Amino acid sequence: MLTIKDLHARVEEKTILKGLNLTVNPGEVHAIMGPNGAGKSTLGYVMSGRDGYELESGSIELNGEDLMELDVEERAQKGLFLAFQYPVEIPGVSNMEFMKESVNAMRKARGEEALTAAEFLKVAKEACKQVNLPLDFLKRGVNEGFSGGEKKRNEIMQMILLQPSLAILDESDSGLDIDALKVVANGVNSQRDGKRSFIVVTHYQRLLDFIEPDFVHILSDGKIVKSGGPELAKEVEATGYAWLGKPEEAGA
Amino acid sequence: MSEQIEKAISRKYDAGFVSDIESDTFPPGLDEDVIRRISAMKDEPEWMLEWRLQAFRSWQKMKEPDWAHLGYEKIDYQAISYYSAPKSMKDKPKSLDEVDPELLRTYEKLGIPLHEQKMLAGVAVDAVFDSVSVVTTFREKLEEAGVIFCPISEAIKKYPDLVKKYIGSVVPRGDNFFAALNSAVFTDGSFVYIPKGVRCPMELSTYFRINELNTGQFERTLIVAEEGSHVSYLEGCTAPQRDENQLHAAVVELVAMDDAEIKYSTVQNWYPGDENGKGGIYNFVTKRGIAHKNAKISWTQVETGSAITWKYPSCILKGDNSVGEFYSVALTRGRQQADTGTKMIHLGKNTKSTIISKGISAGNSSNAYRGLVKMGPGADGARNFTECDSLLIGDKCAAHTFPYIESSNPTAIVEHEATTSKVSDDQLFLCQQRGLDTEKAVSMIVNGFCKEVFKELPMEFAVEAGKLLEISLEGSVG
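Just so you know, the residues in each chain are numbered from 1, in the order the chain's sequence is written. The order in which chains are written sets their letters, starting at A; the order in which ligands are written sets their numbers, starting at 1. Local features in a predicted model are, by the rule used here, given only for residues with pLDDT of at least 70; side-chain atom pairs are given and counted only at 80 or more, and totals for whole chains, interfaces and linings are based on all residues. Note that the side-chain values use all heavy atoms of the structure and ignore hydrogens as well as water.

Within an unreviewed UniProt entry, the label attached to chain B reads Fe-S cluster assembly protein SufB, and the organism entered is Aliidiomarina sanyensis. UniProt positions are given in the numbering used here, feature names are shortened, and annotations may be inferred rather than shown by experiment. Of chain B, the UniProt comment under Sequence similarities (unreviewed entry) reads exactly: "Belongs to the iron-sulfur cluster assembly SufBD family."

You'll find chain A entered in an unreviewed UniProt entry as Fe-S cluster assembly ATPase SufC, with Aliidiomarina sanyensis given as the organism.

Engineer: Quick question: what am I supposed to make of helix α4 (residues 117-130) of chain A here?
Structural biologist: A turn of α-helix holds 3.6 residues, and therefore any two residues three or four places apart point the same way. Secondary structure elements are defined from DSSP: runs of H or I of at least 4 residues count as helices, runs of E of at least 2 residues count as strands, and each element is numbered from the N terminus. Expected span, for any helix, means 1.5 Å times one less than how many residues it has. Look at α4(A): 20 Å from first C-alpha to last across 14 residues, which is about the 20 Å you get at 1.5 Å a residue. In the stretch just after α4(A), Asn132(A) is the one whose phi turns positive, near 65 degrees.

Engineer: Any chance you could explain the packing of helix α9 (residues 425-433) of chain B against helix α10 (residues 438-454) of chain B here in plain terms?
Structural biologist: Angle between the axes and distance between the axes are the two parameters that describe a pair of packed helices. All names here are of chain B. To obtain an axis, a line is fitted to C-alpha atoms, over the contacting stretch when the element is a helix, and the angle between two such axes runs from 0 to 180 degrees between their N-to-C directions. Running from N to C, α9 and α10 point in directions that differ by 125 degrees, and their axes come no closer than 9 Å. Judged by the inter-axis angle, α9 sits oblique to α10. The way α9 lies across α10 gives a crossing that is right-handed. Between α9 and α10, the residues in contact are Gln-427, Leu-428, Cys-431 and Gln-432 and Thr-438, Ala-441, Val-442 and Ile-445, respectively. Split into classes, the residues belonging to the contact of α9 with α10 amount to five nonpolar, three polar and no charged. In this scheme, roughly parallel covers angles under 35 degrees and roughly antiparallel covers those over 145, while 65 to 115 is roughly perpendicular and the rest are oblique. In a left-handed crossing the near helix is turned counterclockwise from the far helix by less than a right angle, and in a right-handed crossing that turn is clockwise. The contact criterion used is simple: two residues touch if any of their non-hydrogen atoms lie within 4.5 Å. Amino acids outside the nonpolar list (Ala, Val, Leu, Ile, Met, Phe, Trp, Tyr, Cys, Pro) and the charged list (Asp, Glu, Lys, Arg) are all regarded as polar, and Gly is one of them.

Engineer: Looking at this model, I keep getting lost on the pattern of salt bridges. Mind explaining?
Structural biologist: Side-chain pairs of opposite charge can arise where the charged atoms are in close proximity. All names here are of chain A. By definition here, a salt bridge exists when the distance from a side-chain nitrogen of Lys or Arg to a carboxyl oxygen of Asp or Glu is within 4 Å. Applying the stated rule across the entire model yields 31 salt bridges over all chains. The shortest N-O distance in the salt bridge between Arg-10 and Glu-56 comes to 3.1 Å. With Arg-10 in strand β1 (residues 2-11) and Glu-56 in strand β4 (residues 53-62), this pair connects stretches of sequence that are 46 residues apart. When accessible area is computed with a 1.4 Å probe and restricted to protein chains, residues below 20% of their type maximum are described as buried, those above 50% as exposed, and intermediate ones as partly exposed. You can call Arg-10 partly exposed: its relative accessible area is 26%. A salt bridge links Asp-193 to Arg-196; its shortest N-O distance comes to 4.0 Å. Classification of Arg-196 by relative accessible area gives buried; the value is 16%.

Engineer: Please explain the environment of Thr300(B) as it appears in this structure.
Structural biologist: Residue and element names in this part refer to chain B. If you trace the backbone, Thr-300 turns up in strand β13 (residues 296-303). Between the alpha carbons of Thr-300 and Val-267 there is a distance of 8.6 Å; along the sequence they are 33 residues apart. Here Thr-300 is in contact with Lys-263, Tyr-264, Ser-265, Thr-266, Tyr-327, Val-453, Glu-456 and Leu-457, once residues within four sequence places are set aside.

Engineer: Help me understand the sheet that holds strand β3 (residues 29-33) of chain A in this model?
Structural biologist: Whenever strands of a sheet pair, they do so through backbone hydrogen bonds, lying parallel or antiparallel. Residue and element names in this part refer to chain A. The strand order across the open sheet built from six strands is β6-β9-β10-β3-β11-β12, with neighbouring strands paired in mixed fashion. A strand with exactly one partner marks an edge of an open sheet, and here the two such strands are β6 (80-83) and β12 (223-228). Between one strand and the next, the sheet's axes are offset by a mean angle of 20 degrees, whatever the strand orientation. At least two bridges found by DSSP between two strands are what make those strands a pair. Where β3 and strand β10 (residues 197-202) come together, five bridges link them in parallel fashion. Paired with Ile-32 across the two strands is Val-201, which belongs to β10. Across the face of the sheet, helix α7 (residues 230-239) comes into contact with β3, β11 (215-220) and β12 while running at roughly 115 degrees to β12.

What follows is the structure, given as structure tokens:
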């Protein structure tokens, strides 16, 4: 469903991704690990089309469509979801309002009718419970005054509501205590249905104890230098990233 | 991203059409003769003419104020026509059936159907077209409750004692340059009188439309709420899209007697001019209310139009325990300039005022909040809370805040909070990543920013205001 070929991309003048290849099939969970500065977050931003993240060469196809041809919102409407590492606040706009607009924008793009307020409320309440947030979070401003953990859970709630075909979780585990971590993991696991796919970007192996990946990739200096099964994550946990050595030698 | 935002802010103006209506229009120019003619057209009593002439004489000695943070070419007051009325209004239509259908169509196009059965239930409308009131709906129903709602030109003749007593009592005819000009040449506007203890059974609203070229609109509104009464009033304004600047100088006076409450809301959408600053309405308005014992006056304004806005709806909190409120959203884009805010004059004991001002600047516009909170020597235990927030969209606009605080009473408490923020790339990206296009995203962010003010508007108009902002921002992000 997702095919990334020889992806080179830069932020401002600096090339961050230097020939990244990745194939994700329906239903698979891929974990991407790697040291700071390897390009983990950049990958998510380039895929979702964030302004300032420029493609130099290569291609990204989602379900046979060239993503680079599409606007940010069009990519989202095609089923690409990014759970943010640092979710931003939108004061005065309630979570409920925001999510309803979002869900209905996606439905519209698919040619489906918009959900009524009542219909939406029902699914939103359900999603809220699933990530263990009190219902009054629906009424509060988007991420307004949320704790770090609450923001991350709120992202997962949005993912549950939008049911994307491919979700990228950008360090959704950072700064979470063990209970919140389980909530995030459960949220993802509940969405694994053999069709939806996930890219879990993380620094630590910890999250992968709860979300079992099909594949683990090590990203270093803009390239995937090693791929394997879940055992690779454990290896990294044990040895760290020092074995990567200098970027030039990595993956040789 | 700011480039996208710029694009989104260059919007179209929906109300910019011109109605093809034959009008009687005075040739441009202003002298005592013109004032006599206006007064004669309105068939006014002698005292009214005298009042106008005195206002004119004081205006002639006054200087146009230049302290506001506004830049514009000097207005040539002799190049403006001071009276214009549709020809068909000359014979004073008795009912809606006799009103020129083209006039009715104009209001229909603006979303204000004047046929009562088609109207928003529960809202009575006075429709003012250039210098005259075209029709006032639901008058019988209001009369049953003892409420007077009619054009001020009519009130001058029908209720001279009431008008004489209150006109100029809050905004004296020589109050300031623009108020004096208005007092001399005002042509129409609304008059509202709510008797003692009456809760007005419906929302009252006046809809102002400027149509004729080179004509100024000078309306005057007077609202008197007797002891223990209650009224909610809303005004809306639009004008055609023209290359010339047009002047609008209005005066609004509110009188809230003991225990009365007046809620005054404005949705101002005068033509703002094009993206290069050509054309647009110059909006110089004096609005003030006086609150007696335990009375409450609440101003809510949503200002999206006009090339220039100079406007400070104010409250004189004269009676003990009286309350003044000012909730404002001012949006400027293109080359628009706004200098707006409020004055809260605390005279009575335990008087309270709240000011919530939300300024949104986009494009190359400039948006200034100017507010005065004054605690008089007798204002024991008075309190004010001011919150002044500015939101910037793009990087070529400006926001300014000019708060003035004067306290002559040590027991009075004044609080002022101010913030400035930008619609951030992060916020836009989040919205887009969730499938919303940039325009929708910006309008949502801006609406969220304005929420505290929108919730003060009467329900029907809150929706309207939200939509208006959305249209105003159309094209501001692309």
